Amino acid sequence: MFWKFDLHTTSHIDQLLDREDVTLRELMEEDDVLQECKAQNRRLLLFLSQDHCMTELVNLITTEPPADLEEKSRFKFPNIACELLTSDVSLINDKLGGDESLLETLYHFLEQDPPLNPLLASFFSKTIGNLIARKTEQVISFLRKKDGFIDLVLKHIDASAMMDLLLRLISCVEPAPLRQEVLNWLSEEKLIQRLTELIHTGKDEERQSNASQTLCDIIRLSRDQANQMQENVEADPLLAVLESQESVAGLLKTMFEGERSEASIVNGTQVLLTLLETRRSGLEGLMDLYSQGYERSYTVNSSILHAIEPHLKDFQQLLLNPPKKSAILTTVGLLEEPLGNARLHVARLVAALLQTSAPSVCQELCKLTTMDQLLDLFFKYSWNNFLHFQVELCVGEAGGEAGEPAKASDSVEETTLHNTLVAHLFQKCRLVQRILDAWEENDQIQAEGGARRGNMGHLTRMANMVVQNLEKGPVQSQISDLIKELPEDCRGHWESFVDETLRETNRRNTVELVSTHNLHSSSEDDDMESPFPNDLSLQQAFSDYQIQQMTANFVDQFGFNDEEFSEHDENIKIRQFDDAEEEEDIWEEKEINYVKIQDPKTK
């Protein structure tokens, strides 16, 4: 037996629309107004597209709500208005993009004095961004008529929504000829140079950070789009400016001119690191490395390197004399002189520069003994795993990767350069002696009941790298000769260390580390068997991907680099639960006692 049901339901919105005096606010109070709009409810769309309704919607997303409203409901209607305006309905897009008075009302939002309300800025950016994608010609034509448009966007660059707006202009304009027109327009407006000038000591740090991030995003977007375009397509003028020697030199000038601040150094170096990227970032880049046999996606423009080389001494000086930072309390005690984000970024830059294998740059790094300074920091900051990973990358690039055969195309200059780097690492930097000394010191600390140092996993991989390159690879004979040049007692100590200590360490850790060990970068539990990564760029790609999942530049933004971390399980005491014990309510409020820690300098 079948029952007949009338499944047709009439929306309450339709009932409201039956009234002649219905208001926009009444409709926006309905929970399903957005759903009905996206479902192309014809009556609703005709109502919303009326002049007075569109004006009210635009005013809602560009006008600060009254301050006396309850905080949780202040932005209710602006939020709904933004969702309706960006619901990707043709009737609304046509009305908003084709009515210059509505566009003027939108544009007037930019003409306010900073700072913009961040929530309203996001509504504005989302609405304009949608129009750029859907009503491209009309909106681009409107914006190009505004002489001060770029000025206003940069004036409010401290709002992240303005970054999004700029990137929409660069990435969401179609067809290709119109996109090229927009890029030429932005280039004529000196967008890159003006963003670069914002990365300057004394500028607001939020503006510096957003300007830096915008430049990094432009580089990646432009390179990815260039890869997808046909060869006969005109070059991207923004990327051409970014990669020019003049532009990079200008960036470096803003970083080092006047009193040096950590913010300008970090933000400027992030742009340099992006320019030096030789692969796509994130998971896509990781897959590229697999599919291309670890071939690089991009070739670093020599003009970038020519601009950086004269400033290598400035980066070296930062390692020796970084911007001053206050002492911080860490999990392993009071750190009088934190490493700081500036020095960490110098380490990242050196690793990227070594990967380019540019002869003059690498020779200058050797002349400045930069690797020696980085190794000093590696051992001084024994709990900073971010630093350890970067120094390990540097050692891997300078020391030669095991199993990498010499190519027939390798020039005499490249071979000489590689030999110079290896000799520098083993002679000037005393890599073998440092490994042995650090291991002995750690054994003594543990014998006295202390905690195992946080850099021992990375030190293990460095030791394995030396052993592997002694067994095979393009620098096998050179490293063998360098080991033979060591003092007899040191050479004997190294041989017994390799045969006994290192072998046992690798054996002990092989149990836990199977095939995924090459993609780890922890500090204690990564003592690996052969485990110095055969392709460090792959490890870096995976590391970048993991960090990206937390949010872009998470480490840099939240300052974890400034603290030294302990990852030792010796520090973790696990108490087994005893059913006989009285259960403790973990949510119960308890009195918190604070202990005042006296600064040793005041004693």
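Look up: the structure comes first, before these words.
Residues numbered from 1 in each chain as written. Predicted model: local features only at pLDDT ≥ 70, side-chain atom pairs only at ≥ 80, totals over all residues. Heavy atoms only, no water.

Across its full length, the protein holds 33 helices and two strands. Going through the 603 residues of the protein one by one, you find that 51% of them count as buried. Relative to all contacts within the protein whose residues are 6 or more apart in sequence, the contacts with residues 24 or more apart total 74%. Just so you have it, the protein exposes about 30,900 Å², and 49% of that area is on carbon and sulfur atoms. (Helix = DSSP H or I, 4+ residues; strand = E, 2+ residues; numbered from the N terminus. Buried < 20%, exposed > 50% of the residue type's maximum accessible area, 1.4 Å probe, protein only. Contact = heavy atoms within 4.5 Å. Areas by Shrake-Rupley, 256 points an atom, 1.4 Å probe, with all protein chains shown as cover.)

Turning to the packing of aromatic side chains, a few remarks are in order. Considering all chains together, one arrives at eight aromatic pairs under this definition. Judged by centre distance (6.0 Å) and plane angle (85°), the ring pair of Tyr 107 and Phe 142 falls under edge-to-face. Separated by 35 residues along the polypeptide, Tyr 107 in helix 9 (residues 100–108) and Phe 142 in helix 11 (residues 136–144) bring together distant segments of the chain. On the basis of relative accessibility, which here comes to 6%, the residue Phe 142 falls in the buried class. A connected cluster of aromatic rings, assembled from ring pairs, spans Tyr 107, Phe 142, Phe 149 and Trp 185. Across from the ring centre of Phe 77, 4.8 Å away, lies the NZ or CZ of Arg 25, which sits over that ring. Across from the ring centre of Phe 77, 5.5 Å away, lies the NZ or CZ of Lys 76, which sits over that ring. (Phe/Tyr/Trp six-rings, centres within 6.5 Å; stacked < 30°, edge-to-face > 60°. Lys NZ or Arg CZ within 6 Å of the ring centre and 35° of its normal.)

Structurally, Ala 235 can be placed in the loop between helix 16 (205–228) and helix 17 (237–242). It is 9.9 Å that separates the C-alpha atoms of Ala 235 and Leu 183, two residues lying 52 residues apart in sequence.

Our focus in this paragraph is the packing of helix 22 (residues 312–320) against helix 25 (residues 370–380). Two elements in contact, helix 22 and helix 25, have axes separated by 10 Å at closest approach and are oriented at 25°. By the angle between their directions, the pair helix 22 and helix 25 is classed as roughly parallel. Read as a crossing pair, helix 22 and helix 25 show a hand that is left-handed. On helix 25, the residues touching Gln 316, Leu 319 and Leu 320 of helix 22 are Thr 370, Gln 373, Leu 374 and Leu 377. (Axes fitted to C-alpha atoms, helices over the stretch in contact; angles between N-to-C directions. Parallel < 35°, antiparallel > 145°, perpendicular 65-115°, else oblique. Left-handed = near helix turned anticlockwise from the far one by under 90°.)

All right, on to the nonpolar core then. Judged by nonpolar contacts, the single largest core of 163 residues is most densely connected at Phe 149, Met 162, Phe 426 and Trp 494. Take this core: its biggest share by element is ten residues, from helix 23 (residues 341–356). Non-local contacts of Trp 494, meaning those with residues more than four positions away in its chain, are made with Val 432, Ile 435, Leu 436, Ala 463, Val 466, Val 467, Leu 470 and Ile 483. (Core = buried A, V, L, I, M, F, W, Y, C linked by side-chain atoms within 4.5 Å.)

Here the focus is unusual backbone geometry. Omega for the peptide link from Pro 114 to Pro 115 comes to 0°, which places this bond in the cis form. With omega at 0°, the peptide bond leading from Glu 174 into Pro 175 counts as cis. Within the fold, Pro 175 resides in the loop between helix 13 (160–171) and helix 14 (176–188). One non-glycine residue, Lys 190, lies in the positive phi region at around 60°. Within the fold, Lys 190 resides in the loop between helix 14 and helix 15 (191–197). Residue Lys 190 is classed as partly exposed on the basis of its relative accessible area, which comes to 46%.

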